[in-house]
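Coordinate analysis (summary)
Residues per chain are reported as follows:
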Amino acid sequence: MGNKQTTFTDEQLEAFQDCTFFTRKEILRLHGRYRELAPHLVPLDYTNNPDIRVPLALIVTMPELKENPFRDRIVQTFSEDGQGNLSFNDFVDMFSALCETSPRDLKTIYAFKIYDFNRDNFICKDDLQQTLNLLTKGELTEDEVLLVCDKALEEADLDGDSKLSFSDFQNMISKAPDFLSNFHIRI
Amino acid sequence: MSARDRTRAILDLPMSFEEKNGECFIFHHKTKCCIFSYDLYIKSARQTLELWQGIMKEIGGKFGSSVLSYFVFLKWLLMFNIFSFMVNFGFITIPLLVSDHSPNIPPNVSFRGLELLSGAGYFTYTVMYYGGYSNATVGQVYDMQLAYFFTIAVYMVLCGIALIFSMASSFRQNYVLADSVSNSAWQLLCSWDFSVTNERAVRQRRNNLRESLSEKAQEELLTLSEKLRHYGVHFGSWLLSTGLAVGCGASIYYLCQYEQKVHNQEAETLLVPFVVSLINLVIPLFYSLFNKFEHYSSQRQQIYALVVRSGNVFLRLVILAVLCYYWMNVVAEKFSCWESMVGQALYRLVIFDFLFLMLGSFFGEFLSNVIGTRLLTSLGVPEFDVARNVLDLIYTQTLAWIGIYFAPLLPAIQILKFFLLFYLKKVNACFQEFSTCCAIYQRSKFIPPRFVCLVLLCRLSPSEQCGPFQGLNNTFAVVEVWMTELEGPSHSHWTVWIYHNVIRSELFYFLVTLIIIVIIYIFWQVTKGRQELIRLLRQQIINEGKDKFFLLDKLQNLQKSHPNRNPKQKKQKEVCCDRVFFLC
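Residue numbers here run from 1 along each chain, matching the order of that chain's written sequence. Throughout, the order in which chains and ligands are written sets their labels, letters from A for the former and numbers from 1 for the latter. Where totals are concerned, whole chains, interfaces and linings use all residues; where local detail is concerned, this predicted model gives features only for residues with pLDDT of at least 70, and gives and counts side-chain atom pairs only at 80 or more. Side-chain numbers come from the whole structure's heavy atoms, not from hydrogens or water.

Using the following cut-off: UniProt positions are given in the numbering used here, feature names are shortened, and annotations may be inferred rather than shown by experiment.
As annotated in an unreviewed UniProt entry, chain B carries the name Transmembrane channel-like protein and comes from Acanthochromis polyacanthus. Quoted straight from UniProt, the Subcellular location (unreviewed entry) entry for chain B says "Membrane".

Chain A goes by Calcium and integrin-binding family member 2 in an unreviewed UniProt entry, where it is assigned to Acanthochromis polyacanthus.

**Details of the overall build of chain B**
The test is simple: Only DSSP runs of H or I reaching four residues or more are called helices, and only runs of E reaching two or more are called strands; each is numbered from the N terminus. A 1.4 Å probe rolled over the protein chains alone gives each residue an accessible area, and that area as a share of the maximum for its type sets the label: buried under 20%, exposed over 50%, partly exposed in between. Whether two residues are in contact is decided by their heavy atoms, any of which lying within 4.5 Å being enough.
When helices and strands are tallied, chain B shows 20 helices and 4 strands. Across the 584 residues in chain B, those meeting the buried criterion constitute 41%. A fraction of 74% describes how many contacts in chain B between residues 6 or more apart in sequence connect residues 24 or more apart.

**Topic: the overall build of chain A**
What counts is decided by this rule: Here the open area of atoms and residues is found with the Shrake-Rupley method and a 1.4 Å probe, where only the protein chains shown may cover a residue.
Tallying secondary structure elements over chain A gives 11 helices and 0 strands in all. With respect to the three principal axes, the spread of C-alpha positions in chain A is 60 × 30 × 25 Å. Scored against the burial criterion, the 187 residues of chain A give a buried share of 53%. Of the roughly 8200 Å² of accessible surface on chain A, a fraction of 49% belongs to carbon and sulfur atoms.

**Here we look at helix α8 (residues 125–136) of chain A**
Residue and element names in this part refer to chain A. Defined as follows: A helix is expected to reach a length of 1.5 Å times the quantity of its residues less one.
Between the first and last C-alpha of α8 there are 16 Å, a value that for 12 residues agrees with the 16 Å anticipated at 1.5 Å per step. Among all positions in α8, only Asp127, Leu128, Gln129, Thr131, Leu132, Leu135 and Thr136 are buried. In the segment just after α8, lysine 137 is the residue with positive phi, at about 55°.

**Structural notes on the nonpolar core**
The test is simple: Among the buried residues, those of types Ala, Val, Leu, Ile, Met, Phe, Trp, Tyr and Cys that are joined through side-chain atoms within 4.5 Å form a nonpolar core. Domain limits in this description derive from either an automatic procedure or a database domain assignment.
Core analysis: the largest hydrophobic core is formed by 74 residues, its most contacted members being A:Ile74, A:Phe88, A:Phe91, A:Met94, A:Phe169 and B:Leu189. Both of domain 1 (10–98) and domain 2 (104–182) of chain A provide at least three residues apiece to this core. Not counting residues up to four positions away in its chain, the partners in contact with A:Phe169 are A:Thr108, A:Ala111, A:Phe112, A:Tyr115, A:Ile123 and B:Leu189. Ranked by size, the runner-up nonpolar core spans 68 residues in total, among them B:Tyr130, B:Ile279, B:Leu320 and B:Leu349.

**What about the environment of B:Ser340?**
Residue and element names in this part refer to chain B. Mapped onto the elements, serine 340 comes out in helix α13 (residues 338–375). On the basis of relative accessible area, serine 340 is assigned to the buried category, the value being 2%. Sequence spacing of serine 340 and leucine 393 is 53 residues, and the spatial spacing of their C-alpha atoms is 25 Å. Ignoring any residue separated from it by four or fewer positions in sequence, one finds serine 340 in contact with Tyr129, Tyr130 and Gly131.

**Brief notes about the side chain of A:Asn182**
Operational definition: In protein, a polar contact requires one atom able to donate a hydrogen and another able to accept it; more generally it is a pair of N or O atoms within 3.5 Å, and residues adjacent in sequence count only if both atoms are side-chain atoms.
As for its position among the elements, A:Asn182 is in helix α11 (residues 179–182). Among the residues examined, A:Asn182 registers a relative accessible area of 7% and is labelled buried. Separated by 3.0 Å, the side chain of A:Asn182 and the backbone oxygen of B:Cys190 make a polar contact. If we ignore the near neighbours within four places in the chain, the residues touching A:Asn182 are B:Cys190, B:Ser191, B:Trp192, B:Asp193, B:Phe194 and B:Ser195.

**Structural notes on the domain arrangement of chain A**
Residues and elements named next belong to chain A. Operational definition: Salt bridges are counted wherever a side-chain nitrogen of Lys or Arg sits within 4 Å of a carboxyl oxygen of Asp or Glu.
In terms of domains, chain A is made up of domain 1 (10–98) and domain 2 (104–182). Put simply, the middle of domain 1 and the middle of domain 2, counted by C-alpha atoms, are 27 Å apart. Between domain 1 and domain 2, the contact holds 11 residues from the first and 12 residues from the second. Our count for the contact surface shared by domain 1 and domain 2 stands at 0 salt bridges. With 5 residues, the top contributor of residues to the side of domain 1 that touches domain 2 is helix α5 (residues 71–78).

Here it is, written out as structure tokens:
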């Protein structure tokens, strides 16, 4: 095998291949992309697992995330500190959870975390309003925003506590056939 | 659990990479992961053999899944036409070519370039059309009549089955989707396509979403007079689009009649297909223009769906209906070898449709792209309307399906057409934005007209002098003749028995219909029962939620009213509270 790369040891690549949905080539390509974001910060040699984190501001300049209205929330969800600073492992985790072969349940869990802005394990009305504002770039009027969020809560909330728990969210996703293809970032 | 299952289970966990790595490491050095690499190898080998696999991935990545669905549909149609061409060529054309090498062309007809467009002249006497096939028995074994009949019949049945299956599967999807497309929660949380990276596309999707949400919100806040005004606008648009379609249909009919009266030269036969293709190109543009200028109504999206989509479908159905009616009533009476004439007319329609598609793509899309981006940026870039392009594909394929009885080698042209169209649309899509309404196929709309046409055509009597069914009263008589032949020798009595007692007896069809009705009734009752079950379960969830709040309240009251003397008791109460939280 042509193992001429010195970025990772073989064990590291095996570990990545086992624990993510990527192959060795894709991991190496991802490392290249990660390094492009901050070449002075990220070393070429990752064999001794350096503890480097690329800040949020640099990660959202990636072309795959730049135009996405939820880019900040996505990066924050996968970061360990919750502020959006990703290590390489977090970076790989993020794209692995959002890739094509990732299963529906995993994507549902992460989608719920992304839409839960205040991180209280419920999607409350405030979270929905923030989602709507991100999606429409604040171009709807106040009344329209409230109306849409009310309707959304009414339709999806099953247990009547005026917020969406994870099971409500899961139930709604199970009825959406194109969720898998929509919740997918190609890298 | 096998190593593979275990790895899969770990991959499915929502843990970070470091945590998963710990789990993996325990058994990693015990197993070889070559199982996965073997799978990947087979997968990549299969992928390189499939046509256009790499290009499809590229398109899906750049433009999203709705545009990809158009190209997937195009590829499916291409494969279908390749299959039908091979079937027809193999079973019908090759035996004829083998038996009779030289077509019997009259001496004064030679090949001129015009035949490629008009399909008449030299081509009339070749195997392209119905008239070129004889009713002889090749080599005393292969009956051309039966071969022609059964090839076309089996092909049609396969088409029908494939369409019904795809209709059933898309209906199942759309039934769920239709329930949730009007659903605000779905639109808010599931509809955004994360894989779109093109800035213009994102902006357009945002606008679409904003418009549709705003429309829905405003609908709630309407007064009665405004509602009436909205219905009026809807009705007016529907009237306009229907009136236009009917007008076009009538004009095509009169044009056909006029062409009949002055039928002298071959070049004049090109007039009708030219006008049909022109109408199919211009009127949809007119519909979209009408939609663009319709600023005063806040219901742009709904009217778009009504006028543009249904209007286009209705227009093409009307034109096809008028043409079929004309062919059946006028052409069948007048000409001696009328099937070949109909075949030629369909050939011309297919060719002109192809030319106009190419010209439309070039002038309509490519040039206006160049103008829109370089010269007059205010015009903006035209849209790659997925629904309209899918409709174009369905229309051309319907023409081919109707024509396969009259011109068995028509799929060859379709193959060429779809092949070129793929590359043309791919180049164009690079420059365009695209509309993001859901690409719900409307294949089902074209099934009834096609079958009705065919059934009616088969009831007409075949022409006397040409084609494989000469001299018979109608097409089905072929099977009757064959059955009477089979009654003679002692074997194959079972075939004759099946024919008389199953296919020709009304009792059989009555029984089958009865069974189908009973099955439908059973499924309907099951569905109703399940809906009732869902309603009851939902009510139960709400009740459980209320119970939970009630119990928590009681617990908290209990805690407040009994101040704790014993720290152990206090801890027990806390554990109890936590458990209640956990269980709910």
